[in-house]
Amino acid sequence: MCRWSINDAAKVFFAYLALMFVGMPVIARFLNIIFGFHAQDNTELRMLALFASLFINLSICCSVYYIVCVKYRHSITALGLSLADMSHNVKQGVKRYLITLPLIILAGYVVNLIFSYYGITPEMQDVVQWVLDEKSSFVLVCLMFFGIIIAPIIEEILFRGFLLSALKKSLGRRYAIVVSAALFAAVHIDVFAFLQIFILGILLGHLYEKTKTLAASIIVHITHNLFTLFFLLYLKYFLNGKVPAF
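Residues numbered from 1 in each chain as written. Predicted model: local features only at pLDDT ≥ 70, side-chain atom pairs only at ≥ 80, totals over all residues. Heavy atoms only, no water.

Undergrad: Let's hear about helix α3 (residues 86-117): which residues, and what values?
TA: Residues three or four positions apart in an α-helix share a direction because the helix packs 3.6 residues into each turn. With 32 residues, α3 should cover 46 Å at 1.5 Å per step; its first-to-last C-alpha distance of 45 Å lies within 8% of that length. Taking the largest bend as the criterion, α3 deviates by roughly 35 degrees, centred on Thr100, and proline Pro102 comes between one and four positions later. Among the residues making up α3, those that are buried are Asn89, Val90, Gly93, Tyr97, Thr100, Leu101, Ile104, Ala107, Gly108, Val111 and Phe115. (Helix = DSSP H or I, 4+ residues; strand = E, 2+ residues; numbered from the N terminus. Expected span 1.5 Å × (residues − 1). Bend = angle between axes of the 7 residues up to and from the residue. Buried < 20%, exposed > 50% of the residue type's maximum accessible area, 1.4 Å probe, protein only.)

Undergrad: Any chance you could break down the pattern of salt bridges for me, citing the residues and the numbers?
TA: This structure, assessed with the given rule, holds four salt bridges. With a shortest N-O distance of 3.4 Å, Glu209 and Lys212 are connected by a salt bridge. For Lys212, a relative accessible area of 51% gives the class exposed. Three or more residues are tied together by salt bridges with common partners; here these are Lys168, Glu209 and Lys212. (Salt bridge = Lys/Arg side-chain N within 4 Å of Asp/Glu carboxyl O.)

Undergrad: Describe the packing of helix α6 (residues 173-186) against helix α7 (residues 194-211), and please don't skip the residues or the numbers.
TA: The contact between α6 and α7 brings their axes to 8 Å, and the two run at 140 degrees. As far as their axial angle goes, α7 and α6 are oblique. The element α6 and its partner α7 pack so that their crossing is right-handed. Listed contacts from α7 to Arg173, Ile177, Val178, Ala181, Ala182, Phe184, Ala185 and Ala186 of α6 are Phe194, Ile197, Phe198, Leu200, Gly201, Ile202, Leu204, Gly205, His206 and Glu209. (Axes fitted to C-alpha atoms, helices over the stretch in contact; angles between N-to-C directions. Parallel < 35°, antiparallel > 145°, perpendicular 65-115°, else oblique. Left-handed = near helix turned anticlockwise from the far one by under 90°. Contact = heavy atoms within 4.5 Å.)

In structure tokens form, the structure reads like this:
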């Protein structure tokens, strides 16, 4: 059982929020000075944002490592970073994801219908608009690598391995999964996609609790982001960036 507390988790989580939503411009400006970018167009500004986001996420991972492995002298396996029964766990994770995927899609469809009924047009997330607008192949490749590989690994360590484990001590397993999923959905700052991300978060939390490792949740998270980016690229190159109406 983990020895870090919900207070430790709260400090890291709020530091993550502060860095992502307040510190990002400061970090981007600092990187601009260090690397000498002339950020006068969207491509360079987006590269700066990617570098800043990578720096923030790595910093949060270092904080988690310090708390878990240095402060409380746990092994990194306490965060679920283990290859035990990996093949079996991954297969189970992918199977459950494919079962859950129709529900995630249905949730998006229902939310879209509700907002459309009230005359509200769903707004695209910044990252979605970024993918659809970006002309630089290099930036797209960097964005895909970050979105498909880096972000899922870091987010699973933070939200499942670290945050969920701490919440479970105070709330119990079921409520901890729900709360961590809600926080996971909330940090994406997209009211239109909240329900879909929440359902995904429930699945990821369930997989982590069932397998006791992050292997399944990381692979499922990567698979989901991969499908999403492939869909966006399909819209970009085959439908001229037009999102089909449901």
